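Inside the fold
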Amino acid sequence: MYAPISRGLGFWEDSKIRGEKSTAALGARMANSVKRQILLSTTMLAGALSGYTGRAYAACVNTSGSTYLCSGTEVVPQTINTANATVITDSTMDFNPMFGNALSIRSSGDVSYTDNDASTYLRSSNGVGLAVTNDSVGAGSTHITTAGVIDGGRYGMIIP
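Fair warning: this is a prediction, and the values are worked out from it, not measured in the lab. (Residues numbered from 1 in each chain as written. Predicted model: local features only at pLDDT ≥ 70, side-chain atom pairs only at ≥ 80, totals over all residues. Heavy atoms only, no water.)

1. Observations concerning the overall build of the chain
What counts, and what does not: Under the scheme used here, helices are H or I runs from DSSP no shorter than 4 residues and strands are E runs no shorter than 2 residues, and both carry numbers assigned from the N terminus. Throughout, a residue-residue contact means that at least one pair of heavy atoms, one from each residue, lies within 4.5 Å. Reported accessibility uses the Shrake-Rupley method at a 1.4 Å probe radius. Residues are deemed covered only where the shown protein chains occlude them.
The helix and strand tally for the chain stands at 2 helices and 13 strands. Across the chain, every contact between residues at least 6 apart in sequence was considered, and the portion connecting residues at least 24 apart equals 54%. For the chain, the accessible area works out to roughly 9,900 Å², and carbon and sulfur atoms hold 58% of it.

2. Re the nonpolar core
Just so we agree on the cut-off: Only buried residues count toward a nonpolar core. Its members are Ala, Val, Leu, Ile, Met, Phe, Trp, Tyr and Cys residues joined through side-chain atoms within 4.5 Å. Think of it in three bands: with a 1.4 Å probe and only protein chains considered, a residue is buried below 20% of the maximum accessible area for its type, exposed above 50%, and partly exposed in between.
Grouped together as the largest cluster of nonpolar side chains are 17 residues, with contacts concentrated most on L103, I105, Y113 and L122. Of all the secondary-structure elements, those providing two or more residues to this core are β2 (67–70), β7 (103–107), β8 (111–115) and β10 (128–134). If near-sequence neighbours (up to four positions away) are discounted, I105 is found in contact with I80, A85, V87, V111, Y113, L130, A131, V132 and T133.

3. A closer look at the sheet that holds β10
For sheets, the rule is that strands pair by backbone hydrogen bonds, running either parallel or antiparallel. Quick note on the threshold: Pairing between strands is defined by DSSP: at least two bridges between them are needed. Helix axes are fitted to C-alpha atoms over the stretch in contact, other axes to C-alpha atoms as well, and angles between N-to-C directions run from 0 to 180 degrees.
Across the sheet, 4 strands lie side by side as β4-β7-β10-β13; this open sheet has parallel pairing. The outermost strands of the open sheet, each flanked by one partner alone, are β4 (78–81) and β13 (155–158). Neighbouring strand axes in the sheet, compared pairwise and without regard to direction, differ in orientation by 10 degrees on average. Two strands pair when backbone bridges link them, and β4 and β7 are joined in this way by 4 bridges, in the parallel orientation. What sits directly across from N81, in β7, is R106.

4. Comments concerning the confidence of the model for the chain
For clarity, the threshold we go by: For every residue, the pLDDT score states the predictor's confidence, bounded by 0 at the bottom and 100 at the top.
In the predicted model, the chain carries a mean pLDDT of 76, and 63% of its residues have values of at least 70. The spread of mean pLDDT over the elements of the chain runs between helix α1 (residues 11–18), the lowest at 52, and β2, the highest at 96. Segment residues 2–9 is flagged for pLDDT under 50; beyond a separation of four residues in sequence, or across chains, it makes 11 contacts in the model. Counting interchain partners and residues more than four positions distant, the pLDDT-below-50 stretch residues 45–57 has 4 contacts.

The structure is reproduced here in C-alpha cells:
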C-alpha cells in the first residue's frame, strides 16, 4: 500500500513512513535539513539587512527628445536608434553583456556620447564596447568624450 510522504509530518513520522530503521539515517537527514534551514534563513536575513531586492535593472532611457541617460548595471546589449542622438552616462553605468555590443548608437545628424563621470565600465566579452554608426548623408558629426573604460572582446570602440 502506498503511503504519501508529507513534509508536514516531521522527521520522526516521515522516517517511519519511509521505513528507516536506523537512527543514524534519521539523524543524517535531520542534520542536512537543519543545515539547509539555517543556510536559507541566514541568506534571507542578510538580504533583508542589506536591502537587496533583486537584480538592478538599468539601461539607456530616453530623458527628453533624442537625449538618453545610461546608468546602472546591465548584462543585455543596449541599442539607441534615433536622429541626433545625445547619450550621457552617470557614474553607476556598468554594462557587460556576454554577447553582442555593450552599447550601440545608430543615428543620423549629430551624434554625441559623453561620459564625464568615469563610469565603471562599458565592455563586452565577445563584441564591441561602444559601436557608433552615423548614417548622415552630408552634414553630421560624431563626438565621443569619455573618462571611463571602454573595452571589448573584439574592439573597444568602432565607428564605421
